[in-house]
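Residue-level listing of the chains:
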Amino acid sequence: MTYRTLIVDDEPPARLRIRALLADEKDIEIVGEAEDGPSAVEAIERLRPDLVFLDVQMPELDGFGVIEAVGPEKMPCPVFVTAYARHALKAFDVNAVDYILKPFDADRFRKALGKAKARLGESGPVQERLENLLEDVRKTGEYPERILVKIGAGQQLVKVADIHWIEAEDNHIRLHLAQGTHLIRHTLREFLKRLDPNQFRQIHRSTIVNMAHIRELQPWFHGDYLVHMVDGTTLTLTRTHRSALLQV
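Below is a short write-up of the structure.

Rules used in this analysis
Residues numbered from 1 in each chain as written. Predicted model: local features only at pLDDT ≥ 70, side-chain atom pairs only at ≥ 80, totals over all residues. Heavy atoms only, no water. Helix = DSSP H or I, 4+ residues; strand = E, 2+ residues; numbered from the N terminus. Contact = heavy atoms within 4.5 Å. Areas by Shrake-Rupley, 256 points an atom, 1.4 Å probe, with all protein chains shown as cover. Lys, Arg positive; Asp, Glu negative; His and termini not counted. Charge placed at Lys NZ, Arg CZ, Asp CG, Glu CD. Pairing = 2+ DSSP bridges. Axes fitted to C-alpha atoms, helices over the stretch in contact; angles between N-to-C directions. Core = buried A, V, L, I, M, F, W, Y, C linked by side-chain atoms within 4.5 Å. Buried < 20%, exposed > 50% of the residue type's maximum accessible area, 1.4 Å probe, protein only. Phe/Tyr/Trp six-rings, centres within 6.5 Å; stacked < 30°, edge-to-face > 60°. Lys NZ or Arg CZ within 6 Å of the ring centre and 35° of its normal. Salt bridge = Lys/Arg side-chain N within 4 Å of Asp/Glu carboxyl O.

Regarding its fold elements, the protein chain presents eight helices and 15 strands. Along the first, second and third principal axes, the C-alpha atoms of the protein chain reach 70 × 35 × 30 Å. Sequence-distant contacts, at least 24 apart, represent 54% of the contacts inside the protein chain between residues at least 6 apart. Per element, the accessible surface of the protein chain, about 12900 Å² overall, is 47% carbon and sulfur. Taking the 33 positively charged and 38 negatively charged side chains of the protein chain as two groups, their mean positions are separated by 3 Å.

With that out of the way, let us pick up the sheet that holds strand S13 (residues 214–219). Spatially, S13-S14-S15 is the arrangement adopted by the three strands of the open sheet, whose pairing is antiparallel. Among the strands making up the open sheet, the edge pair consists of S13 and strand S15 (234–237). Averaged over all adjacent pairs, the angle separating strand axes in this sheet is 25°, with direction ignored. Here strand S14 (residues 225–229) runs beside S15; their pairing, made up of four bridges, is antiparallel. Across the sheet, the residue bridging to Leu226 is Thr236, located in S15. Docked against the sheet, helix H8 (residues 239–246) engages S13, S14 and S15, running at close to 100° with respect to S15.

Judged by nonpolar contacts, the single largest core of 30 residues is most densely connected at Leu54, Val66, Met75, Phe80, Phe92 and Leu133. Secondary-structure elements contributing two or more residues to this core are strand S1 (3–8), helix H2 (37–47), strand S3 (51–55), helix H3 (63–70), helix H4 (89–94) and helix H6 (124–139). Excluding anything up to four places from it in sequence, Phe80 contacts Leu54, Val56, Phe64, Ile67, Phe92, Val97, Asp98, Tyr99, Ile100, Leu130 and Leu133. Ile28, Ile100, Ala112 and Ala116 belong to the second-largest nonpolar core, a separate cluster that totals 17 residues.

We now examine the pairing of S15. One face of the sheet, then the other: side chains in a regular strand alternate in exactly this way. Here S15 shows one buried face, formed by Leu235 and Leu237, and one open face, formed by Thr234 and Thr236. Between the end of S14 and the start of S15, which pair antiparallel, lie four residues, with Gly232 showing a positive phi angle near 95°.

One pass over the structure, following the stated rule, counts four aromatic pairs. Residues Phe64 and Phe80 carry aromatic rings whose centres are separated by 6.1 Å and whose planes lie at 40° to one another, so their mutual orientation is tilted. Taken together, the positions of Phe64 in helix H3 and Phe80 in strand S4 (residues 77–82) put the pair 16 residues apart, joining distant regions of the chain. Overall, the relative accessible area of 0% leaves Phe80 in the buried class. Between Phe104 and Phe109 the ring centres are 5.8 Å apart and the planes differ by 25°, which places this aromatic pair in the stacked class. Using a relative accessible area of 10% as the deciding quantity, one classes Phe104 as buried. Members of the aromatic cluster, joined through ring pairs, are Phe53, Phe104 and Phe109. One residue, Arg108, lies across the ring of Tyr99, its end atom 6.0 Å from the ring centre.

Okay, the pattern of salt bridges next. Opposite charge on two side chains allows them to pair when their charged atoms are near. Using the criterion set out here, one finds 16 salt bridges in the structure. Of the charged contacts, one joins Glu33 and Arg15 as a salt bridge, the two residues approaching to 3.0 Å between their closest N and O atoms. Here Glu33 is found in strand S2 (residues 28–34), whereas its partner Arg15 is found in helix H1 (residues 12–22), with 18 residues between them in sequence. Overall, the relative accessible area of 11% leaves Arg15 in the buried class. Linking Lys117 and Asp27 is a salt bridge whose minimum nitrogen-to-oxygen distance equals 2.8 Å. Placement of the pair is Lys117 in helix H5 (residues 106–119) and Asp27 in the loop between H1 and S2, with a sequence separation of 90 residues. Bridged by salt links that share partners, the residues Asp9, Glu11, Asp55 and Lys102 form one connected network.

By themselves these figures say nothing about function.
See below:
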């Protein structure tokens, strides 16, 4: 069996090092390289590799953001590459997700590669490990600063801090920013897990707000509040979610 492999790293020497270490692997076919998060997402969706060496620390969109954008269920088997031993390594260990630390030697690289190959025959466990990894990373305060959204055939990075509010639309959610809106396929409940709870709160079963963009709260009927946003939108804070927002 031949494993189609993608190399993702923003440092050319690191990509070259991985490529060199893979040169003697007869069952590895390198199908491409990517130098940043957005191009990694595009390459994964276009090339559909079996295996990806994924740098954790990348500007704009990091390795975790790549998984979020692709979706754990569609993500190829990853081997994470990181330069910082402190960076969420406990989460990697707990969830049995392989990683190698820069600078890495050939022996450590081959061990990680061997484990990845062994797991390529699995189905559910890889997805489950990635979902649990993302959840554990969020618990350490590693919330994304940017997310990738699709616009037509292209992609755009959106700063999370620029999102004013979010509403549910059937099986999608709509992100409201000063520059316009973006519709993405996600559930409100799952998307809320990606957001820093110190910044974003749910105020209604179909609405999340960025507290930095609230202009005023106004008492309304039956314990509800009107939430006046800085963009001029007026939303409703229901009694069910009132304590979560008011107890800051």
